[in-house]
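Here is what each chain is made of, one letter per residue.
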Amino acid sequence: MAKKNHKPKAGKKRKKIFSDERVKIILGVTTIFMAAFLTLAFISYFFTWKTDQSFQFSKVVSGAEISVENWSGKTGAHFANLFINKWFGVASFTFPFLLLVIGFRFFKIKIYPIRKAFKITIIGTLILSVLLGYLFGNSTGYLGSGLGGGHGYIMALWLNSFLGKAGTAFLLLVIIISFIILSFKKSYYWIKKLSSALFRKNYTEFDDKPNDLNQPIDSLQEDQQDVVKEESIEKDLLFTTKNTEAEIKKENQESKIRIETKDLSIKEEEIELTIEEKHKEEKLNGNLKNYQLEDYDPTLELSSYKLPPLDLLEDHEQDTNGEIDKDEIIANKNRIVETLANYKIQIDKIKATVGPTVTLYEIIPAPGVRISKIKNLEDDIALSLAALGIRIIAPIPGRGTIGIEVPNQKPEIVSMRSILESKVFSESKYDLAIGLGKTISNDTMVIDLAKMPHLLVAGATGQGKSVGLNAIIASLLYKKHPAQLKFVMVDPKKVELTLYTKIEKHFLAMLPDSEESIITDTQKVVNTLNSLCIEMDQRYDLLKLGQVRNIKEYNAKFIARKLNPEKGHKYLPY
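Keep in mind it's a predicted model, so treat the numbers as computed, not measured.

(A) Structural context of the sheet that holds strand S2 (residues 358–365). The strand order across the open sheet built from four strands is S1-S2-S4-S3, with neighbouring strands paired in antiparallel fashion. In the strand order of this sheet, the two ends are held by strand S1 (347–354) and strand S3 (391–393), each with one partner. On average, each strand axis in the sheet is inclined to that of its neighbour by 20°, with strand direction left out of account. Pairing geometry for S3 and strand S4 (residues 402–407), over three bridges, is antiparallel. Residue pairing across strands places Arg391 opposite Glu405, the latter belonging to S4.

(B) Geometry of the side chain of Arg105. Tracing the backbone through its elements, the reader meets Arg105 in helix H4 (residues 94–106). A polar contact is formed between the side chain of Arg105 and the side chain of Glu515, at a distance of 3.2 Å. Leave out the neighbours within four places in its chain, and Arg105 touches Lys110, Tyr112, Pro113, Ile114 and Glu515.

(C) How the structure looks around the confidence of the model for the chain. Averaged over all residues, the pLDDT of the chain equals 77, while 74% of them reach at least 70. Mean pLDDT across the secondary structure elements of the chain bottoms out at helix H11 (residues 268–286), with 38, and peaks at helix H18 (residues 525–546), with 93. Across residues 256–292, confidence stays below pLDDT 50; counting only partners more than four residues off in sequence or on other chains, it has 29 contacts.

(D) Structural view of the packing of aromatic side chains. Evaluated as defined, the whole model comprises 13 aromatic pairs. When the ring of Phe42 is compared with that of Phe93, the centres are 5.6 Å apart and the planes differ by 80°; the resulting orientation is edge-to-face. With Phe42 in helix H2 (residues 21–54) and Phe93 in the loop between helix H3 (73–87) and H4, the pair connects residues that are 51 residues apart, well separated along the chain. By relative accessible area, Phe93 is classed as partly exposed at 27%. Chaining the aromatic ring pairs together yields one cluster made of Phe42, Phe46, Phe83, Trp87, Phe88, Phe93 and Phe95. A cation over an aromatic ring shows up here: Lys479 above the ring of Phe425, its NZ or CZ 5.1 Å from the ring centre.

About the thresholds
- Residues numbered from 1 in each chain as written.
- Predicted model: local features only at pLDDT ≥ 70, side-chain atom pairs only at ≥ 80, totals over all residues.
- Heavy atoms only, no water.
- Pairing = 2+ DSSP bridges.
- Helix = DSSP H or I, 4+ residues; strand = E, 2+ residues; numbered from the N terminus.
- Axes fitted to C-alpha atoms, helices over the stretch in contact; angles between N-to-C directions.
- Polar contact = N/O pair within 3.5 Å; in protein donor to acceptor, adjacent residues only side chain to side chain.
- Contact = heavy atoms within 4.5 Å.
- pLDDT = per-residue confidence, 0-100.
- Phe/Tyr/Trp six-rings, centres within 6.5 Å; stacked < 30°, edge-to-face > 60°.
- Buried < 20%, exposed > 50% of the residue type's maximum accessible area, 1.4 Å probe, protein only.
- Lys NZ or Arg CZ within 6 Å of the ring centre and 35° of its normal.

The structure is reproduced here in structure tokens:
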């Protein structure tokens, strides 16, 4: 029997080539060399631009008798003239940086995330080129088309004719600020902190006065000192009968606090009134640190966010008529009684509670019947009912009865929408409310995930693990704001959690250099878990500084503005 020759596919062969470490080293060295080569050519162009511009590309592979002054030769002269003169000007230096990032990535050295580097490099180059073209134009006659290159010069001319110079300046300013805020996350908080420092009202500087007020204070002191001297010489003056030397010194010290007039003949009543007001202001100043501000709202940074509507979920109420099959219940009841009677177990009373998928039969055995005897008949009862499986609860806690759970022959669909729109879930005060389903009595079951931080979902294939996980995630998404909750998702199967990539910008937390919002490579999970351990240690330090035991107490204290953000405190999402 002839053997079949299995030829490798082109895709697999290409994948093997790029997975070879030797190929990666060659590509990395080549890319870094290109970055250094272009950098040298661009720097040389600032000194040899006149010669480089006159050089034609068709002569790059010409003989050695044709030469240029560029440090990178004829090839460097051509690329320097192309990038700096015809294209983007001085902003072209961003391209060697991009090549350098890519080159080091082949050696598994991450200088900067590649996607972010591409985005910032391309957009920043275009903006910087237009800005230099607008500021310098071509009037300097330097570098051919100017510092902004041909692209920047032409775009600046077009914008000037379209918006005018003032309009173009305003547009460029808005674009640059927007680019900085969107590209660098820390810049937003820096700008926010700077603006709050500039426009915050100052309650503390009561003593800062213009310099011209110092002169009345000094002159008043000299005048009052003269009055003291005159008291010892001329005892018949009016001041000798009203003021002593101690009183005058006291008035001296009090007048330093608040004097707003140059008239030296200040009446005693006016000084007293001013001092009284000043004392009140000083008392307010002393209590300013304890001034009760409004509670902090963590959702203000994303105030326009709205919870997802329930219309996104399917409504299965139309699929079920809600009627109870009484014939099935009576038949099951008779079979249970008959099976127990075969083993001489008497029953005083039986009650059936019909749920969406399971019916609970509560039985009260006759006096003297041992519970263990009924529990041992689980398989026999299941056989008589022709059920896939039953569960005996002996006894039911708090009721004093024995329960037998029997699956319904026509189970109803318990939809996620019916759980989320229930009153029990919508009015739940739990920190992390989760709707798991409905009980046998058809009541919505809601639990608090915050009280069970270690949760393991296990089971055989097809038993509903994925449904349970989706119920947990959906419950949290319908209950929490992005500022209050973050997910770290790991999906080794690559198909379970891909649906949630759409919430990447709001709810998913990931490492800065990560390329995927949901981790599918198990080797990268270690870095994420290590970062979570670091985050946990930092949060424990914040809890220690805040003198609280858990995240709920810490956030409540931070919302009440009892923790200072300048000391490192911040709102902690779950």
